[in-house]
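Summary of the model geometry
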Amino acid sequence: MIGTLINFFLSIVVNNILTNYKFPPFAHITSIIWWVSIFFAIKRFNLMKDFSKSLTNEVIEHMLDYLLVVDDSKRIIRINNRLLERLDFKNSDIVDKHIFNFIENKEILEDFFIKIDKRIIKKFSCEINFIDKNNEKVLISLNGTVITNRYDDIICLVLVGNDSAYLKQMESEIISKEQTFDWLKKNISEKDILLKEIHHRVKNNLNIIISIIGLQTEYSKNDEVKNILLTTNNRIYTIAYIYEYLYKNNRVDDINFYEFAQNLTSNIYYISHANKQISTMLEIDKSIDFNVSTSIPMGLIINELFSNVLKYAFTNSNVKNEVCISLIKNDENTFQLIFKDNGVGIPHEYRDLNLIKSLGLKLVSVLVEQLQGEINVSVENGTIFNIKFSQIKR
């Protein structure tokens, strides 16, 4: 309205000036351009103001919270659709009415209004029972903010709220979830402690068996029996080491295969009392972990192959003895183990694992089947065992 009056006034002034005064042609054109610029600036200002007002209305009407605006006399001057729908009123039923007409516990708001008028507070929070169209109570949690001008005069009071019942329900659900989380956390902690204790006891029991077999080995006078007992001890040690690793590293199920293979080969070499110098290379990604169900057969496979290498592979003293253990990850659950040495090479009759009579290599074949894998044996500057397998699911 004001912009229209200004435009009208300016058009009269410009018309009067152009009619009664004679300007040089250039000055005349400049004057027209100047007034046209002012006219379009005013138009642009009015458009921006209308857009801002329209945007504000859209935000208010589509907000999820309840919105109520009251003037300094506590009459309602604005209410959004969400609150109207909740109270089942029309806009005309509420606007320009005193807010006390629609609430039950008036004394709560009245106390806040007195403090606001005395400039004691500018914000407050409370719970108010509104009365809907059916005369039923609707408990709403309100947050009030006072809007003032530069002279600290109160322009209006903005009230934003939500259903208290909904908020309490959400609070109850959050508390319940926190309690469930604490319970699960406690149970997981107890489970971890229990599993750690189980790992410790299994390790101790296997170590007792290893000690008994070790004593039996010392008392035996038969070299063949001694070798059998020593081989059996190595196999049991491999399993015991897995549980020792889990216990020492505070792990429940996952075993880092690089660390496992490194320590296992070192201990097998030490236990076997090998009199040959052997260089063992590990080409294994240090990020690969296996669960216990996969680590036990994998550990036993390495134990058998490495023990055989120590016994039979290296007979040429002029060659540097080397063993290489590689682990390749083909995809998420499929792997390839390559065990290679530069020894004399496995005899021809041992290359088909289905036909051999050796207990150690038969055990390797059975363990590969347990891993749902396949094994190929080849001889090329030594022996190569190529094993493709899958990690056993927990």
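Everything here concerns the structure above.
Residues numbered from 1 in each chain as written. Predicted model: local features only at pLDDT ≥ 70, side-chain atom pairs only at ≥ 80, totals over all residues. Heavy atoms only, no water.

**Looking at the side chain of T383**
If you trace the backbone, T383 turns up in strand β12 (residues 383-390). On the basis of relative accessible area, T383 is assigned to the buried category, the value being 4%. Polar contacts involving the side chain of T383 include one to the main-chain amide nitrogen of I346, which spans 2.8 Å. What T383 contacts, discounting residues up to four positions off in sequence, is F339, K340, D341, G345, I346, V377 and S378. (Helix = DSSP H or I, 4+ residues; strand = E, 2+ residues; numbered from the N terminus. Buried < 20%, exposed > 50% of the residue type's maximum accessible area, 1.4 Å probe, protein only. Polar contact = N/O pair within 3.5 Å; in protein donor to acceptor, adjacent residues only side chain to side chain. Contact = heavy atoms within 4.5 Å.)

**Examining the packing of helix α7 (residues 223-248) against helix α8 (residues 257-271)**
The contact between α7 and α8 brings their axes to 11 Å, and the two run at 145°. Crossing of α7 over α8 shows right-handed handedness. Facing L230, N234, Y237, T238, Y241, I242 and Y245 of α7, the residues of α8 in contact are E259, F260, N263, L264, N267 and I271. By residue class, the composition of the contact of α7 with α8 is eight nonpolar, four polar and one charged. (Axes fitted to C-alpha atoms, helices over the stretch in contact; angles between N-to-C directions. Left-handed = near helix turned anticlockwise from the far one by under 90°. Nonpolar A, V, L, I, M, F, W, Y, C, P; charged D, E, K, R; others polar.)

**Some remarks on the pairing of strand β11 (residues 374-379)**
Strand direction decides the pairing type here: β11 and β12, joined by six bridges, are antiparallel. When the sheet's bridge partners are listed, V379 is paired in β12 with T383. Counting the residues that bridge the hairpin from β11 to β12 gives three residues, and of these N381 lies at a positive phi of roughly 55°. (Pairing = 2+ DSSP bridges.)

**A word on the packing of aromatic side chains**
One pass over the structure, following the stated rule, counts eight aromatic pairs. With a centroid separation of 6.0 Å and 25° between ring planes, the pair formed by F100 and F113 is classed as stacked. In this pair, F100 is assigned in the loop between α4 (91-94) and α5 (106-117) and F113 in helix α5, connecting sequence segments 13 residues apart. Centroid distance F290 to F389: 5.9 Å. Interplanar angle 65°. Geometry classified as edge-to-face. (Phe/Tyr/Trp six-rings, centres within 6.5 Å; stacked < 30°, edge-to-face > 60°.)

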